[in-house]
Amino acid sequence: TKVMNHVNKADRIHISDSTSFVLKGFLVFFQSHQGHLKQAGDYFDNAKEVSLNCITATIGSAILEYTQGNAKRSLELYRQALQKNPSCPEEVWAGMAVCLFKLGKLEVAEKIFQKIVEKNKNY
């Protein structure tokens, strides 16, 4: 795709930037081809290797794991993102709550969802 070509050009300018790996991961992920999910995961892993605190790559990995049916691993990754930055947006908390719900931890998931709703009453 044109977008991937531009990202690859940017890569050649600044090779060790986690941002390009994150972009590539999401681009491949959103192509939604099952065979490409491993490649998307590899890009997220590369971003985390380049920048240990790359929260976006951690969240991308969490989304990917959940998509592949690995709610437990996804939950671990959401928790890692929140440990790195407790003020992550509500979408990260919601992702964690969805994992908890999927794992049968309904009360905890419901509490998180309630906090998200309370925090966003004005919307």
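From a predicted model like this one, the values you see are computed outputs, not experimental measurements.

1. Notes on the pattern of salt bridges
Using the criterion set out here, one finds three salt bridges in the structure. The partner of K48 in a salt bridge is D45, with the nearest N and O atoms 3.6 Å apart. Of the two residues, K48 and D45 are both situated in helix α3 (residues 37-50); the distance of three residues between them amounts to about one turn of the helix. Owing to a relative accessible area of 17%, K48 belongs among the buried residues under this scheme. Residues E90 and K119 are paired through a salt bridge, measuring 3.4 Å at the closest nitrogen-oxygen approach.

2. Considering α3
Taking 1.5 Å of rise per residue, 14 residues should cover 20 Å, and α3 covers 20 Å from first to last C-alpha, within 8% of that figure. All of the buried residues along α3 are L37, A40, G41, Y43, F44, A47 and K48. Buried residues in α3, looked at end-on, bunch into an arc of 155°, giving them a common side. With respect to the buried face of α3, the exposed residues turned more than 90 degrees away are K38 and E49.

Calculation rules
Residues numbered from 1 in each chain as written. Predicted model: local features only at pLDDT ≥ 70, side-chain atom pairs only at ≥ 80, totals over all residues. Heavy atoms only, no water. Salt bridge = Lys/Arg side-chain N within 4 Å of Asp/Glu carboxyl O. Helix = DSSP H or I, 4+ residues; strand = E, 2+ residues; numbered from the N terminus. Buried < 20%, exposed > 50% of the residue type's maximum accessible area, 1.4 Å probe, protein only. Expected span 1.5 Å × (residues − 1). Arc of directions from axis to C-beta.

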